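Observations on chain architecture
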Amino acid sequence: ASEIKPQKARRVYIETYGCQMNVSDSELMAGILTRSGYEMVDQLESADVVLVNTCAIRENAEEKVLNRLKHLNHRKRRQPNLVLGVCGCMAQHIKTKILDAAPYVDLVMGPDSYRSLPRAIQSMTTGDPFLGLKLDKSEDYADVAPVRKEGVRAWLTIQRGCDKMCTFCIVPFVRGRERSIPMHLLIDDVKRLVHEGFKEVVLLGQTVNSYYDGEKSPLYPPLTKGEAKRRGGDFGDLLVAMNEVEGLERVRFTSPHPSDATEPLIEAMATCDKVCKQMHLPLQSGSTKVLKAMRRTYTAEEYRELVARMRERIPNLSISTDVIVGFCGETEEDFMETCDLMAEIRYDAAFMFKYSAREGTLAYKTLNDDVSEEEKGRRLREIIELQERISHEINQALVGKIVAVLAEGESRRDAEHYHGKTDSFKTTVFPKGDSNVGELVRVKVESATAHTLLGEIVA
Ligand code: 5AD
């Protein structure tokens, strides 16, 4: 391969912001850099290249990075050879505007440019910043072996980009068109991960359940579902195939889109024992009017029916969600519909956000960001309070029950305890006893908060 060797030993530190996809992309960047002879380090202090992998989903995600860059510039003053790079979604979003705000940045690279990282770092002697801002609808990094930290849970990107075009969302603009990685490569990846000691795999994609093994790309004419089936498989088929990988204990995925929650997916979740009975199903709003303005492609009623159908087929299904409050045109009644739907569905957990207008999106261009900041804050506090109460009640109901927990590591607060996740993705803390990391143990729940279960191992 066309590997570029660094002129001298270069130690790289990657700092990651945002979602799991970014965590996975950082592992990919580490893979690209190590195969070109760079060394990855865990400490900023020992690095001569610092890459900040950024998020653009909300304005505050970008503000956080801009502040961080100022701080990193102090270090650069003391260490003039330090290469400072801004990578990922924010780089792709604001492009060279990063250089206006932070002229000391040496490279700006979007999610489809990581192959150029070794070349970009090498070119730093020229003085000009390196820009890698082209989106490439065929880039899937399928040949790159990510460098992961040892552990129990591995993130596996199965799809990049997004074709959904929700009006509030910047993702399609910063990650480009949807593309899936061929299934046979993913199966090989998972076998390798199991061999390396991982017990759980989390399949990642922006709309992970629209995955399919075939040429679904703007380069090819659109396929009907039937044609896709003949060429390869859909997300349900992928889950079935993952379920057959020997030595793997658990499979999860995030984040699915409700409109792609097809029968084969539900069937695979219901029947595959390794597939966790847990679904993160972003709702965004409980008002059909708002969902329409968001172009979510489902109504509140359809979402409600989907949840009912899934719960019927998958007993004890744990469901979490994402909700945005204060989207353009959201009235008090719309907001109440969101509250009502959340109270009705009773999610195990929810991530809740104030709407943040993102330049480039359709909502930014054509809709009025007309809910005041103050009102957004009030609505957010209200649904957080509602959800905390529900999460707490759901977890309280687990007290006295036995849950299966995959031990992940020592509890931060107490070295005599392990923490791990239940099948339903609830953090559980328990005394180690003679269990080991990577072991699936049975834990009797003794107490619970809205976010954590505490318990004891039982035989
Ligand atoms: N403002 C607020 N929240 C947003 N999200 C995506 N875009 C925005 C935005 N412009 C939220 C959605 C999504 C989650 C990852 O972030 O709820 O599901």
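So, a few notes on the structure that sits alongside this text. From a predicted model like this one, the values you see are computed outputs, not experimental measurements.

Moving on, we come to the site of the ligand. Lining the immediate surroundings of the ligand are I57, R58, F168, Q284, D322, I324, F353, K354, Y355, S356 and R358. A distance of 3.0 Å is found between an oxygen atom of the ligand and a side-chain nitrogen or oxygen belonging to R58. Between the ligand and F168 there is a distance of 3.0 Å, counted from a nitrogen atom to a backbone nitrogen or oxygen. When the free accessible area of the ligand is taken as 400 Å², the share hidden by the protein chains comes to 86%. Of all the secondary-structure elements, those providing two or more residues to the shell around the ligand are strand 13 (318–325) and strand 14 (349–354). The class makeup of the residues in the shell around the ligand is five nonpolar, two polar and four charged.

What follows covers the nonpolar core. Formed by 59 residues in total, the largest nonpolar core has its most connected members in L203, F235, L238, L239, F253 and M269. Apart from the residues within four sequence positions on either side, L239 is in contact with L203, V251, F253, L265, A268, M269, C272 and V275. Within the second largest apolar cluster, 27 residues are counted, among which are Y13, V52, L133 and I170.

This paragraph deals with the sheet that holds strand 4 (residues 83–88). If you trace the six strands from one edge of the open sheet to the other, you get 2-1-3-4-5-6, paired in parallel fashion. Here the strands that pair on one side only, and so sit at the sheet edges, are strand 2 (39–40) and strand 6 (130–132). As defined by bridge partners, strand 5 (residues 107–109) adjoins strand 6 across three bridges and the pair is classed as parallel. In the sheet register, L107 faces strand 6, and the bridge partner there is F130. Contacting strand 1 (11–16), strand 3 (49–54) and strand 4, helix 2 (residues 59–78) runs over the sheet at an angle of about 175° to strand 3.

On to the packing of aromatic side chains, then. For the structure shown, the criterion picks out six aromatic pairs. Residues F168 and F327 carry aromatic rings whose centres are separated by 6.3 Å and whose planes lie at 80° to one another, so their mutual orientation is edge-to-face. Taken together, the residues span a long stretch of sequence, with F168 in the loop between strand 8 (159–160) and helix 6 (171–175) and F327 in the loop between strand 13 and helix 13 (332–345) at a distance of 159 residues. Assessed through its relative accessible area of 11%, F168 is described here as buried.

What follows is about the pairing of strand 17 (residues 427–431). As judged from the five bridges shared by strand 16 (residues 417–422) and strand 17, these two strands associate in the antiparallel manner. Following the sheet pairing, H419 is matched in strand 17 by V429. Linkage of strand 16 to strand 17, two consecutive antiparallel strands, is achieved through a turn of four residues, within which F425 is found at a positive phi near 75°.

Turning our attention to the environment of T427. Relative to the helices and strands, T427 resides in strand 17. For T427, a relative accessible area of 23% gives the class partly exposed. The spacing of T427 and K64 is 363 residues in sequence and 27 Å in space, taken between C-alpha atoms. Setting aside its immediate chain neighbours within four residues, T427 contacts G420, K421, H451, T452 and L453.

Reading across from one edge, 7-10-11 is the order of the three strands in this open sheet, with parallel pairing throughout. Looking at the sheet topology across the chains shown, the edges are occupied by strand 7 (153–157) and strand 11 (250–254). Going from strand to strand, the sheet's axes swing by 25° on average, the running direction of each strand aside. In terms of strand pairing, strand 10 (residues 200–204) meets strand 11 through five bridges, oriented parallel. Looking across to strand 11, one finds that L204 is bridged to T254.

Two residues of an α-helix separated by three or four positions point the same way, owing to the 3.6 residues in each turn. For helix 13, with 14 residues, the first-to-last C-alpha span of 20 Å sits near the 20 Å given by 1.5 Å per residue. Listed as buried for helix 13 are D334, F335, T338, C339, L341, M342 and I345. Looking straight down helix 13, one finds its buried side chains confined to an arc of 165°; they lie on one side. Where the residues of helix 13 are buried, they touch helix 11 (288–294), helix 12 (300–313), strand 13, strand 14 and helix 15 (373–396). Count one or two residues on from helix 13 and you reach R346, which has phi positive near 55°.

Taken as a whole and assessed by the stated rule, the structure comprises 37 salt bridges. A salt bridge links R35 to D143; the nearest nitrogen and oxygen atoms lie 3.6 Å apart. Of this pair, R35 sits in helix 1 (residues 20–35) while D143 sits in the loop between strand 6 and strand 7, placing them 108 residues apart in sequence. For R35, a relative accessible area of 31% corresponds to the partly exposed category. Overall, D143 belongs to the partly exposed group, its relative accessible area being 48%. One salt bridge in this structure joins D189 and R192, with 3.2 Å as the shortest N-O distance. One end of the pair is D189 and the other is R192, both in helix 7 (residues 183–195) and three residues apart, which spans about a single turn. Residue R192 is classed as partly exposed on the basis of its relative accessible area, which comes to 43%.

Rules and cut-offs
- Residues numbered from 1 in each chain as written.
- Predicted model: local features only at pLDDT ≥ 70, side-chain atom pairs only at ≥ 80, totals over all residues.
- Heavy atoms only, no water.
- Near = heavy atom within 4 Å.
- Polar contact = N/O pair within 3.5 Å; in protein donor to acceptor, adjacent residues only side chain to side chain.
- Areas by Shrake-Rupley, 256 points an atom, 1.4 Å probe, with all protein chains shown as cover.
- Helix = DSSP H or I, 4+ residues; strand = E, 2+ residues; numbered from the N terminus.
- Nonpolar A, V, L, I, M, F, W, Y, C, P; charged D, E, K, R; others polar.
- Core = buried A, V, L, I, M, F, W, Y, C linked by side-chain atoms within 4.5 Å.
- Buried < 20%, exposed > 50% of the residue type's maximum accessible area, 1.4 Å probe, protein only.
- Contact = heavy atoms within 4.5 Å.
- Pairing = 2+ DSSP bridges.
- Axes fitted to C-alpha atoms, helices over the stretch in contact; angles between N-to-C directions.
- Phe/Tyr/Trp six-rings, centres within 6.5 Å; stacked < 30°, edge-to-face > 60°.
- Expected span 1.5 Å × (residues − 1).
- Arc of directions from axis to C-beta.
- Salt bridge = Lys/Arg side-chain N within 4 Å of Asp/Glu carboxyl O.

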